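Residues per chain are reported as follows:
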Amino acid sequence: MSLTKVTYSMIEGTPVNVLDYGAVADDTTDCAAAFGAALDAIIAAGGGTLYIPTGTYRIKSKISKTLTAQQHIAIVGDGKYVSTLDFSTANDLGIELISTTTSANFHPNVQIKQIGLITSRDNAGTAIKVTYADALTLDNSVNIDDIFIGANLKRAADSGSGYGYWSRAIHLDNARVSKISKLHSFGEIDKSPKSDRGIYMTGECTEVVIDNCNIFEYAVGIEATGNSEGVFVTNCVVTQCRYGYRFNFAGGEPQMILSNSHASASETCVWMTNCLQSVVSNCVFYANEYYATPGPWPDWYGVIIDGANSSHNKIIGNTFTKENGRTGDTTTAISIDNGAWMIIDNNSCFGFSGNALTYGVYIRAAASETFVGPGNQFQIVTTPFTSLGTRTVRQPIIQSGFASAVTTGTVISFPYSFYANPVNVIACSLGTSTAINVGVASPTINGFTVYHNGGGAADISWTAAGY
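Since the structure is predicted, the reported quantities are computational estimates derived from the model, not experimental observations.

Engineer: I would appreciate a short explanation of the nonpolar core in the present structure.
Structural biologist: One recurring pattern in soluble globular proteins: nonpolar side chains tend to sit buried together. Within the largest apolar cluster, 92 residues are counted, with the highest numbers of intra-cluster contacts made by Phe35 and Phe247. Top element by residues in this core is helix α1 (residues 32-44). It accounts for six residues. Setting aside chain neighbours within four positions, we find Phe247 in contact with Ala224, Val231, Val233, Met256, Val270, Trp271, Met272, Thr273 and Cys275. Val423, Val425, Ile460 and Ala464 belong to the second largest nonpolar core, which has 13 residues in total.

Following this line, the structure appears as structure tokens:
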């Protein structure tokens, strides 16, 4: 596989080569001043592109710049594994761009692509942070594409043993109409303090697309909070995290779509607070044993929805399971703690090798108007369905069977227990025979008692419906 080298003809705006400002790609020379001077020249020119050729550039302090006008600022390398910024020495590191303008729709645009940011400092800071004074823009705010953020695996930390780790990978504040794609980032959750968040959105980050990202070992993989709405996450993998995806909203709607993605988390894969018209679909969620090995395990949730303003959300077509090593814990695939008008259908909930999930779907007392559809499958789940709420709508589950040589008063057990009473045995007969009356007594979630007036033993067919 060949790498495509970036040339000036491929770069938007006026290109500025960081080598022309004194940077040396030897991973030894401190290039912080060279990077700062090159960005100053671009800002003074009204915008342009900082080009970072192949190589590793040692940077010993934060690169922080203030943007006061509408301009396009791009930072572009040859590839996320070949144009590398190696941050070291200080704790407050990374690239920070701060827009102070409050003129509506005249905000700067920021593009960062095809570079890597590594550190040899523990708890080094935020690798990339872009902040806007407000969210009054309809243009594309930030485009971060094809980025690597991780540790320097070639050099021990400047502050001691180990190879260093970032506190946070990417932080966007008030960055409307933005996109983050093809991010590969790994943090550290074994040390204290842990890596905080892989992608963090605060303020009003509206109309943000996050796709094809791989985020590993953060307390929270991806989080959006504040007045954000219209956050779309697809084809992402968040693994070995405490919380996978966190959506905590206070603003408008529709708010969030999470699809075709994965989370391996020790506590919660998806945590949604005050979400409206949001969708979680076609994802795989996994209770891992990494964070608390060898236990005791925290309670785990595949998807949890809370907040009184949560409504009209869908959880459709997902898979929930747990790692074999997690035993004796409480694991819940879907928990609706608050809100109303939810749809839960076509999900698969199961435990590996008989290691059961505790609950499949749990509707709490504060939640209402929730539809749990017939397409959900519960395999190796101790309590597939629990409803404490009001007006929870469920489709009945049907079981049927045949028993031979049954005497009157015999207890027939269902192959699978129903979830809750009442259970209705809707048919119990001897096929075509009309001479013998067959009846049912005391139906429970586990079975029923059959009686008939045929004397001796008779063959019984039955069908039952319940929840």
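Back to the write-up after that little detour.
Engineer: I would appreciate a short explanation of the packing of aromatic side chains in the present structure.
Structural biologist: Geometrically, a pair of aromatic rings is defined through the distance of the ring centres and the angle of the planes. Scanning the entire structure with this criterion turns up 11 aromatic pairs. On the basis of an interplanar angle of 50° and a centroid distance of 5.5 Å, the ring pair of Tyr81 and Phe148 is categorised as tilted. With Tyr81 in the loop between β6 (72-77) and β7 (83-87) and Phe148 in strand β11 (residues 142-151), this residue pair connects regions lying 67 residues apart in the sequence. Judged by centre distance (5.7 Å) and plane angle (40°), the rings of Tyr243 and Trp271 are tilted. Of the two residues, Tyr243 is situated in strand β19 (residues 237-249) and Trp271 in strand β21 (residues 262-273); the sequence distance between them amounts to 28 residues.

Engineer: Teacher, can you tell me more about the sheet that holds strand β36 (residues 410-413) here?
Structural biologist: Pairing between the strands of a sheet is mediated by backbone hydrogen bonds and can be parallel or antiparallel. Reading across from one edge, β36-β39-β38 is the order of the three strands in this open sheet, with antiparallel pairing throughout. Edge positions in the sheet fall to β36 and β38 (438-441), since each of these pairs with one other strand and no more. On average, each strand axis in the sheet is tilted by 35° relative to the strand beside it, whichever way the strands run. Both β36 and strand β39 (residues 447-452) contribute to a ladder of four bridges, which runs antiparallel. Looking at the pairing, Val411 lines up with Thr449 of β39.

Engineer: Sorry, what's going on with the pattern of salt bridges here?
Structural biologist: Note on pairing: side chains with opposite charge can pair once their charged atoms come close. Using the criterion set out here, one finds 18 salt bridges in the structure. Ionic pairing is found between Glu204 and Arg176, a salt bridge with its closest N-O pair at 3.1 Å. Residue Glu204 is located in the loop between β14 (197-202) and β15 (208-211), and its partner Arg176 is located in the loop between β12 (168-173) and β13 (178-186); the two are separated by 28 residues in the primary sequence. Residue Glu204 is classed as partly exposed on the basis of its relative accessible area of 24%. Look at the salt bridges and you will find they share partners, linking Arg168, Asp196, Arg197 and Glu223 into a network.

Engineer: So what exactly am I meant to see when it comes to the environment of Pro296 here?
Structural biologist: Within the secondary structure layout, Pro296 lies in the loop between β23 (284-287) and β24 (300-306). Overall, Pro296 belongs to the exposed group, its relative accessible area being 75%. C-alpha separation for the pair Pro296 and Asp329, spaced 33 residues apart in sequence, amounts to 7.7 Å.

Engineer: Even after reading the chapter, I still don't get the side chain of Asn313, so can you show me in this structure?
Structural biologist: Mapped onto the fold, Asn313 is located in the loop between β24 and β25 (314-316). Asn313 gets classed as buried once you look at its relative accessible area, which sits at 1%. Polar contacts involving the side chain of Asn313 include one to the main-chain carbonyl oxygen of Cys275, which spans 2.9 Å. The contact partners of Asn313, leaving out residues within four places of it in the chain, are Met272, Cys275, Leu276, Gln277, Ser278, Ile305, Trp341, Met342 and Ile343.

Engineer: For this particular structure, what's the right way to read unusual backbone geometry?
Structural biologist: Most peptide bonds are trans, and most residues other than glycine sit at a negative phi. Here the residue pair Ser192 and Pro193 is connected by a cis peptide bond, since its omega of 0° sits within 30 degrees of zero. Residue placement: Pro193 occurs in the loop between β13 and β14. Positive phi, close to 60°, is recorded for Glu217, a residue that is not glycine. Mapping Glu217 onto the fold places it in the loop between β16 (214-216) and β17 (220-226). A relative accessible area of 8% places Glu217 in the buried class.

Engineer: In this structure, what is going on with α1? I would like to understand it.
Structural biologist: An α-helical segment advances 3.6 residues per turn. Residues three or four places apart therefore align on the same side. Here α1 spans 18 Å end to end across 13 residues, near enough to the 18 Å set by a 1.5 Å rise per residue. Within α1, burial applies to Ala32, Ala34, Phe35, Gly36, Ala38, Leu39 and Ile42. Positive phi shows up at Gly46, right after α1, with a value of about 90°.

Conventions used here
- Residues numbered from 1 in each chain as written.
- Predicted model: local features only at pLDDT ≥ 70, side-chain atom pairs only at ≥ 80, totals over all residues.
- Heavy atoms only, no water.
- Core = buried A, V, L, I, M, F, W, Y, C linked by side-chain atoms within 4.5 Å.
- Buried < 20%, exposed > 50% of the residue type's maximum accessible area, 1.4 Å probe, protein only.
- Helix = DSSP H or I, 4+ residues; strand = E, 2+ residues; numbered from the N terminus.
- Contact = heavy atoms within 4.5 Å.
- Phe/Tyr/Trp six-rings, centres within 6.5 Å; stacked < 30°, edge-to-face > 60°.
- Pairing = 2+ DSSP bridges.
- Axes fitted to C-alpha atoms, helices over the stretch in contact; angles between N-to-C directions.
- Salt bridge = Lys/Arg side-chain N within 4 Å of Asp/Glu carboxyl O.
- Polar contact = N/O pair within 3.5 Å; in protein donor to acceptor, adjacent residues only side chain to side chain.
- Expected span 1.5 Å × (residues − 1).

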